[in-house]
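# Survey of secondary and tertiary structure
The residues making up each chain are set out below.
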Amino acid sequence: MKTIKELEITGKRVFIRVDFNVPMDATQRITDDIRVRTSLPTIEYAVAQGAKVILASHLGRPKGKRVPEMSLAPVAKHLEGLLGRKVAMAPDCVGDGAAAMVAEMKEGEVLLLENLRYHDEEQANDAAFAGKLASLCDVYINNAFAVSHRVHASVAAITEKVAEKGAGLLLEKEIAFYNKAMGEPVRPLVAIIGGAKISSKLGALTNMLSVVDKVIIGGAMANTFLKAQGLSVGNSLVEDDMLESALSVITTCREKGIPLYLPVDGVVAGEFSADAASEVVPVDAIDDGVMMLDIGPETGATYAKVVQEAKTIVWNGPMGAFEMAPFSHGTLDLVAAVAEADALTVVGGGDTDVALHMAGAEDKVSYVSTGGGAFLTLMEGKPLAGVTYLEA
Ligand SMILES: Nc1ncnc2c1ncn2[C@@H]1O[C@H](COP(=O)(O)OP(=O)(O)OP(=O)(O)O)[C@@H](O)[C@H]1O
Ligand SMILES: O=C(O)[C@H](O)COP(=O)(O)O
């Protein structure tokens, strides 16, 4: 896979697929701009090289309709502030309007196309649609790591329609950090897996077991592991159809001699609410009427110790329902431990990133991935479609 720096882009129309799928509040104010900021080095490089920079992204899931709340116009404004230069906004990503704006571009100018997913053909990986996008440019760059697990027109089919293609600096960096952590890890390598469901992370968990030295489990997925071991977890979120899978992970760890850390205590409450009265109980004393919403302090202390001894850490998924203050300690304390660890630390997953931000620790880990599903795909040991198409 070539990178943007290996391609001749001066004076050329360079189409950069970015992932500006950013969270916005009801007034369309961007509430977290990490995906925009991490795109800047590639955009600035292309501008400095005198390319005509055409940016394209999706935002949300408008299902082929022009949903005004999912317009990228607010992102163009925001990007303008970050870049310190004008960012023109095209009325659509294909069609005469976009083509006319591209035709008038001068070297070093930046244009953002409107939401790719206003067209069904984007997610259908439609070849004709990809051809229309490709007709806007001379060079295609994929810098959209977070959507590179999707076989969509602007990620996949377009690569077959352009003369020159390559990776942007963000895509390159994401892959490099992940490969450094998982490909040639300084050991011990510790995987921390949390979040809501085992079902969404079983593939990642299973794949990680062939590489990691220790595994820490937290979040709601720990409940299923505890239940699989015969413990009563009350009303806690459990995936009953995953009990067998949880047991098989436990067995594999035992056979391979991989320590698997599960909670020994937890913070429980009668309801999923920030105002609910909560208490700490051992995991073998969870009453019928309550649910476990965070790991407890004893568990947190053990997890912190494992993290402190690690030389490489890969983390996806929070330890509890951290959005609510009474259940945030497990996750935030672990963020603090990971931040202090003398280790290569790679963190991925939307909610895990939010927790890092809450703790103000995003600069204290080696790398924060911009991907959720894409990061998980790497953890599953699967190739990223976007990368495969760039290499073909
Ligand atoms: N014990 C628990 N009971 C119920 N919900 C929990 C529990 N622990 C964590 N959660 C919830 O799990 C969610 C995060 O899980 P998820 O697997 O989506 O994390 P992620 O991989 O970091 O994020 P994303 O899926 O956005 O990339 C949070 O909303 C959190 O409240
Ligand atoms: O937010 C993400 O994970 C990416 O932008 C991909 O979005 P999608 O899950 O809607 O394809």
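Rules behind the numbers
Residues numbered from 1 in each chain as written. Chains lettered and ligands numbered in written order. Predicted model: local features only at pLDDT ≥ 70, side-chain atom pairs only at ≥ 80, totals over all residues. Heavy atoms only, no water. UniProt positions renumbered as here; feature names shortened; annotations may be inferred. Helix = DSSP H or I, 4+ residues; strand = E, 2+ residues; numbered from the N terminus. Rg over C-alpha atoms; globule rule 2.2 N^0.38 Å. Buried < 20%, exposed > 50% of the residue type's maximum accessible area, 1.4 Å probe, protein only. Contact = heavy atoms within 4.5 Å. Areas by Shrake-Rupley, 256 points an atom, 1.4 Å probe, with all protein chains shown as cover. Lys, Arg positive; Asp, Glu negative; His and termini not counted. Charge placed at Lys NZ, Arg CZ, Asp CG, Glu CD. Near = heavy atom within 4 Å. Polar contact = N/O pair within 3.5 Å; in protein donor to acceptor, adjacent residues only side chain to side chain. 1 Å grid on protein atoms, 1.4 Å probe; cavity = no way out; pocket = protein on both sides within 12 Å on 5 of 7 lines; lining within 4 Å. Sits in = over half its atoms within 2 Å of the grid points. Nonpolar A, V, L, I, M, F, W, Y, C, P; charged D, E, K, R; others polar. Core = buried A, V, L, I, M, F, W, Y, C linked by side-chain atoms within 4.5 Å. Domains from an automatic or database assignment.

Per an unreviewed UniProt entry, the protein chain goes by Phosphoglycerate kinase and derives from Desulfoluna limicola. Per UniProt, the protein chain carries the Catalytic activity (unreviewed entry) text "(2R)-3-phosphoglycerate + ATP = (2R)-3-phospho-glyceroyl phosphate + ADP". Of the protein chain, the UniProt comment under Sequence similarities (unreviewed entry) reads exactly: "Belongs to the phosphoglycerate kinase family."

### Remarks on the overall build of the protein chain
Regarding its fold elements, the protein chain presents 15 helices and 15 strands. The C-alpha radius of gyration computed for the protein chain amounts to 23 Å, which stays within 12% of the reference 21 Å derived for 392 residues, consistent with globular compactness. C-alpha extents for the protein chain along the principal axes are approximately 70 × 45 × 35 Å. In the protein chain, which comprises 392 residues, the proportion classed as buried is 56%. For the protein chain, the share of sequence-separated contacts (at least 6 apart) that also reach a separation of at least 24 residues comes to 73%. Accessible surface computed for the protein chain: about 15,900 Å², of which carbon and sulfur atoms make up 51%. Of the side chains in the protein chain, 35 bear a positive and 51 a negative charge, and the two mean positions are spaced by 7 Å.

### Concerning the site of ligand 1
The full set close to ligand 1 counts 19 residues, and Lys201, Met292, Glu323, Gly350 and Thr352 are the nearest of them. Separating an oxygen atom of ligand 1 from a side-chain N or O atom of Lys201 is a distance of 2.9 Å. In this structure, Ala220 approaches ligand 1 through a main-chain N or O atom, which is 3.1 Å from a nitrogen atom. Relative to its unbound accessible area of 650 Å², ligand 1 is 79% covered by the protein chains. Using a 2 Å cut-off from the grid points, one finds that ligand 1 occupies the largest pocket. When residues of the shell around ligand 1 are traced back to their parent elements, those giving at least two are strand E12 (291-295) and helix H13 (350-358). Per element, the largest residue contribution to the shell around ligand 1 is 3 residues, and it comes from H13.

### Looking at the site of ligand 2
Around ligand 2 sit Asp19, Asn21, Arg35, His58, Arg61, Arg117, Ala146 and Arg150, and that is every residue in its neighbourhood. The side chain of Arg150 places a nitrogen or oxygen atom 2.7 Å from an oxygen atom of ligand 2. The protein chains hide 85% of the 310 Å² of surface that ligand 2 would expose on its own. The residue makeup of the shell around ligand 2, split by class, is 1 nonpolar, 2 polar and 5 charged.

### Notes on the nonpolar core
The nonpolar side chains of a soluble globular protein tend to be buried, and buried together. Phe15, Leu113, Met208, Ile217, Phe225 and Met379 are the most contacted members of the largest nonpolar core, which has 75 residues in total. Take this core: its biggest share by element is 7 residues, from helix H7 (residues 169-183). Of the residues that make up this core, three or more belong to each of domain 1 (4-171) and domain 2 (185-379). Apart from residues lying up to four places away in sequence, Ile217 is in contact with Ile193, Leu205, Ala222, Phe225, Leu260, Tyr261, Leu262, Pro263 and Tyr303. Among the nonpolar cores identified, the runner-up in size contains 30 residues, and Ile43, Leu79, Val139 and Leu169 belong to it.

### Looking at the environment of Pro297
Structurally, Pro297 is set in helix H11 (residues 297-308). Assessed through its relative accessible area of 54%, Pro297 is described here as exposed. The contact partners of Pro297, leaving out residues within four places of it in the chain, are Asp265 and Val280.

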